[in-house]
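Fold and geometry: a report
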Amino acid sequence: MNFNVQLETPRMILRGFNQDTYHQLFAECNQSEIMSILGIATQEEFELEQFRYQGGYSTYNLTIQFFQLVAKEDNRILGWCGFHSWAKQHRRAEVFYSLKHEEDKRKGLMSEALATILDFAKDEMNLRRVEAFIAINNPASYKLVQKFGFQKEAEIKSRYLFGDEVDWDYLYALLWE
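Figured I'd write up the structure that's included with this text. (Residues numbered from 1 in each chain as written. Predicted model: local features only at pLDDT ≥ 70, side-chain atom pairs only at ≥ 80, totals over all residues. Heavy atoms only, no water.)

Overview of the layout of surface pockets
Here is the rule: Cavity means a closed set of points on a 1 Å grid over the protein atoms alone, one where a 1.4 Å probe fits but cannot get out, pocket means an open set with protein on both sides within 12 Å along at least 5 of 7 lines, and lining means a residue has an atom within 4 Å of a point. Grid points are joined across faces, edges and corners, and a volume is the space filled by probe spheres set on the points. Put simply, DSSP marks the helices as runs of H or I at least four residues long and the strands as runs of E at least two long, and each gets a number from the N terminus on. Side-chain classes follow a simple rule in which Ala, Val, Leu, Ile, Met, Phe, Trp, Tyr, Cys and Pro form the nonpolar group, Asp, Glu, Lys and Arg form the charged group, and the remainder, Gly included, forms the polar group.
Estimates place the volume of the largest pocket at around 1100 Å³. If you trace the largest pocket, you find 29 residues lining it, with F96, Y97, S98, N138 and S141 closest to the centre. Breaking the lining of the largest pocket down by element, the ones donating at least two residues are β5 (92-99), α4 (109-123), β6 (129-135), α5 (139-147), β7 (151-162) and β8 (165-175). Take the lining of the largest pocket: its biggest share by element is six residues, from β5. Of the residues contributing to the lining of the largest pocket, the split by class is 14 nonpolar, six polar and nine charged. The calculated volume of the second largest pocket comes to roughly 360 Å³. Considering the residues around the second largest pocket, the lining is formed by 14 residues, among which E49, R52, Y57, W80 and S98 are closest to the centre. At the level of elements, α3 (43-55) and β5 are the ones that each hand at least two residues to the lining of the second largest pocket.

So, the packing of aromatic side chains
So the rule is basically this: In this analysis, rings of Phe, Tyr and Trp, with Trp reduced to its six-membered ring, are considered paired at centre separations within 6.5 Å, and the interplanar angle assigns stacked below 30 degrees, edge-to-face beyond 60, and tilted for intermediate values. When accessible area is computed with a 1.4 Å probe and restricted to protein chains, residues below 20% of their type maximum are described as buried, those above 50% as exposed, and intermediate ones as partly exposed. Two thresholds decide whether a charge sits over a ring: the Lys NZ or Arg CZ must be within 6 Å of the ring centre and within 35 degrees of the ring normal.
One pass over the full model with this rule turns up eleven aromatic pairs. Each ring, one from F17 and one from W80, has its centre 5.1 Å from the other, and the planes form 65 degrees; the classification is edge-to-face. Taken together, the positions of F17 in strand β2 (residues 12-17) and W80 in strand β4 (residues 77-87) put the pair 63 residues apart, joining distant regions of the chain. In terms of burial, F17 and W80 fall into one category: buried. Seen from their ring centres, Y142 and Y170 are 5.5 Å apart, and the 75 degrees between their planes marks the pair as edge-to-face. One end of the pair, Y142, is in helix α5; the other, Y170, is in strand β8, and 28 residues separate them in sequence. The pair formed by Y142 and Y170 is uniform in burial state, with each residue classed as buried. Through pairs of rings, three or more aromatic residues link up here, namely F3, F17, Y22, F66, W80 and F96. The side chain of K88 reaches across the aromatic face of W86, ending 4.7 Å from its centre.

Structure below.
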C-alpha cells in the first residue's frame, strides 16, 4: 500500500491517506485487506467506510488529508487524525482526531500526533486556518486544541443530528498569518 506521506513521532508512525490513497485501496484490495489496512473490525465498520469512500471524500473544491496513527512498538492501529473539508483555495481545513481504544487515551498520544500534523498543515499544506468543531460536552477535546493555540470563536447550535439527539459545538480556530 502506498501512503501519500508518512510522518513520525517518538511513539507513532502517521500514515497519510488522501483521495488517491483511497482510490488505490478500494481498486487494488479485497474487503479483508481493506479491513486489515484500515484497522476495521466489523462488517458494519467496513460498510460505513465503503459508503464514505463511494460518496466521495473529495469534491471539486474540498479534499482530505488523513493520518492513520500506528504504534511503533507493536504496529497496532491506534486511531486517526487529520483534515477534512480542506479548501485549498482558501488555505483552511477542519481538523479531526480519535483514538480507537479507551486504554490508549490519556497517554498524550493525540497531543504527540497533533503537534506533528499541525506542523505539516502549516508547512506542507500551506494552511493559514485550521478549525475544530468540538461538542460542548467534550472538555478533554477543547483542552487538547487549546494546548496548540486554538481560540474559541463561537458556539454552534444544532450542528449535527445523531438520531434524535442534536449536537451543539464550540468552534475553535488556529490562525497562521
